[in-house]
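# Inside the fold
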Amino acid sequence: MQSYSRLMQFKVKDLMIDKRRLVEVPDNATLGDALNTMTILGIKPVANRVRAVPVAAKPGQWLGAGGSMIVELDKQSGSARKQYIGMVTMLDVVAHIAGDDGESGLDKKMAAPVSSIIGHCPEGLSLWSLNPNTSIMDCMEMLSKGIHRVLVPLDSNTENITGPELVESASAYAMLSQMDLISFFFDQSSQLHGILSHTVTDLSAIHNTVLALTSQARVKDAIQCMSIAMLNAVPIVEASGEGEDHKQLVDGKNRRVVGTFSASDLKGCHLATLRSWLPLNALEFVEKIPRTLLFTAATSTPGRELVTCHVTSTLAQVIHMVTTKRVHRVWVVDQNGGLQGLVSLTDIIAVVRSALLSGAPDLF
């Protein structure tokens, strides 16, 4: 039986070696400002299509998300310079603009301060930090329970704390995401071979129920559906032609997948043109619009292609897809392209951690 004791000795700080200092937006920044920040970061190769930014405010004026108190200190005086009050994600953006029926309404929503947008989705209601000395296993536990990203102090004042914290102070922070952890798995693939060589079916990594948009849904319909269901992305399946409601999400099981609509698709969109694209067919939007000059360079990535696997695909193959295509979920399809389920980053982290704890991946 393969031993994973050496790998389990890694700590969070081992994942932060090449990380850059955190970039945030102030609490009085507009939604448009936040989108611009995510788009500019997304153009840089190291940013890997940024999907969220922390929101910073003057200390003592806000209660942090989830009751957190995460502050940045002046390195010289030790006084608090700013407090991180939450996170604005692309799903927050989608939830905020959903249901807009007029041109002036969209303008107003884009001008809203980001402090009023925090919490549209559950992730924005929590803000966590992880001490650099936290074990990789504790980090995996946290990121396998619906938390997509955490702040890590670059020079923590609580070196003896080795777990998740709601209270933290440091002179600088960096962001650790689920994708960073998956990339770590990829880098350690030789050490994890006994786990990654198993199929996603054997590891129970597949969600068998997947809600989907039909190929006749409009961009506006997609935004509203994702807002209601709190989904960051949904597959687009062929319309049945049987009078189904294209304004609602449908059970995608066994229907042929033809595309993916993600909240991140709106990030590279020039705000001045977003209004005219809301009535467009979502599949047309995904296939054509992002390749036009109306979109920024942030969207010219391979992540927009349809990324799928099969029930017989190994976890190693899925992780390779995730890390090379920079996607957060892989649709599981049959030989005819019929949707069977999905494998998310959360699923991958959870099954790897479970296998490491069992120490016996051959038993799956």
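Please refer to the structure placed before this passage.
Our subject in this report is the structure included herewith. (Residues numbered from 1 in each chain as written. Predicted model: local features only at pLDDT ≥ 70, side-chain atom pairs only at ≥ 80, totals over all residues. Heavy atoms only, no water.)

## Digging into the sheet that holds strand β16 (residues 339-344)
One open sheet holds the 3 strands; their spatial order is β14-β15-β16, and the pairing between them is mixed. With partners counted over all chains shown, the strands left at the sheet margins are β14 (308-309) and β16, one partner each. One ladder, built from 2 bridges, connects β14 with strand β15 (residues 329-333); its direction is parallel. In the sheet register, T308 faces β15, and the bridge partner there is W331. (Pairing = 2+ DSSP bridges. Helix = DSSP H or I, 4+ residues; strand = E, 2+ residues; numbered from the N terminus.)

## Focus on the environment of I195
Mapped onto the fold, I195 is located in helix α6 (residues 193-196). For I195, a relative accessible area of 0% translates into the label buried. (Buried < 20%, exposed > 50% of the residue type's maximum accessible area, 1.4 Å probe, protein only.)

## Focus: the nonpolar core
Judged by nonpolar contacts, the single largest core of 47 residues is most densely connected at L181, F185, I348 and V352. At the level of elements, α4 (136-143), β6 (149-153), β9 (173-177), α5 (178-187), α6, α10 (315-325), β15 and α11 (345-358) are the ones that each hand at least two residues to this core. Here this core gathers at least three residues from each of two domains, domain 1 (1-177) and domain 2 (211-358). Core analysis: the next-biggest nonpolar cluster, separate from the first, contains 42 residues, V94, A98, I117 and V234 among them. (Core = buried A, V, L, I, M, F, W, Y, C linked by side-chain atoms within 4.5 Å. Domains from an automatic or database assignment.)

## Looking at α10
All buried positions along α10 are accounted for by L315, V318, I319, V322 and T323. Each buried residue of α10 lies within a common arc of 125° when the element is viewed along its axis, so the set occupies one face. R326 sits one or two positions beyond α10 and adopts a positive phi of about 55°. (Arc of directions from axis to C-beta.)

## Focus: the environment of Q178
Examined against the element boundaries, Q178 turns out to sit in helix α5. Judged by relative accessible area, Q178 falls into the buried class, the value being 4%. With 34 residues separating them in the primary sequence, Q178 and S144 have C-alpha atoms 8.5 Å apart. Apart from residues no more than four positions distant in its own chain, Q178 is found in contact with L143, I147, H148, L345, T346 and I349. Separated by 2.8 Å, the side chain of Q178 and the backbone oxygen of L143 make a polar contact. (Contact = heavy atoms within 4.5 Å. Polar contact = N/O pair within 3.5 Å; in protein donor to acceptor, adjacent residues only side chain to side chain.)

## Quick word on the packing of α5 against α11
Where α5 contacts α11, the two axes come as close as 10 Å, and the packing angle between them is 50°. One finds that α5 runs oblique with respect to α11. Viewed along their axes, α5 and α11 form a crossing whose handedness is left-handed. Contact residues: α5 offers Q178, M179, L181, I182 and F185, while α11 offers L345, T346, I348, I349 and V352. Partitioning the contact of α5 with α11 into residue classes produces 8 nonpolar, 2 polar and no charged. (Axes fitted to C-alpha atoms, helices over the stretch in contact; angles between N-to-C directions. Parallel < 35°, antiparallel > 145°, perpendicular 65-115°, else oblique. Left-handed = near helix turned anticlockwise from the far one by under 90°. Nonpolar A, V, L, I, M, F, W, Y, C, P; charged D, E, K, R; others polar.)

## Here's the deal with the sheet that holds strand β12 (residues 250-251)
As summarised here, the arrangement of the 4 strands in space is β12-β10-β11-β13, forming an open sheet in which the pairing is mixed. At either end of the open sheet lies a strand with only one pairing partner, and these are β12 and β13 (257-262). Relative to β13, strand β11 (residues 233-237) is paired through 5 bridges, and the arrangement is antiparallel. Counted as the bridge partner of A233 is S262 from β13. Lying on the sheet, helix α7 (residues 219-229) is in contact with β10 (211-214), β11 and β13; it crosses β13 at an angle near 65°.

## So, the packing of helix α2 (residues 90-97) against α7
Two elements in contact, α2 and α7, have axes whose closest approach is 8 Å; the angle formed by their N-to-C orientations is 115°. Overall, the two elements α2 and α7 adopt an arrangement that is roughly perpendicular. In the crossing of α2 with α7, the sense of the turn from one axis to the other is left-handed. Contacts between α2 and α7 involve L91, V94, A95 and I97 on the former and, on the latter, I223, M226 and S227.

## A word on the side chain of T199
Its location among the elements puts T199 in the loop between α6 and β10. One polar contact links the side chain of T199 to the main-chain amide nitrogen of D202, over a distance of 3.0 Å. Not counting residues within four places of it along the chain, the set of residues in contact with T199 comprises V311, T312, S313, T314 and L315.

## A look at the packing of aromatic side chains
Across all of its chains, the model carries 4 aromatic pairs by this definition. Aromatic side chains Y84 and Y173 sit 5.6 Å apart centroid to centroid with 85° between the ring planes, which places their arrangement in the edge-to-face category. With Y84 in strand β4 (residues 80-89) and Y173 in strand β9, the pair connects residues that are 89 residues apart, well separated along the chain. Note on accessibility: Y84 and Y173 belong to one class, buried. With a centroid separation of 5.9 Å and an interplanar angle of 45°, the aromatic rings of F261 and F285 are classed as tilted. Within this pair, whereas F261 is found in strand β13, its partner F285 is found in helix α9 (residues 282-287), the two being separated by 24 residues in sequence. (Phe/Tyr/Trp six-rings, centres within 6.5 Å; stacked < 30°, edge-to-face > 60°.)

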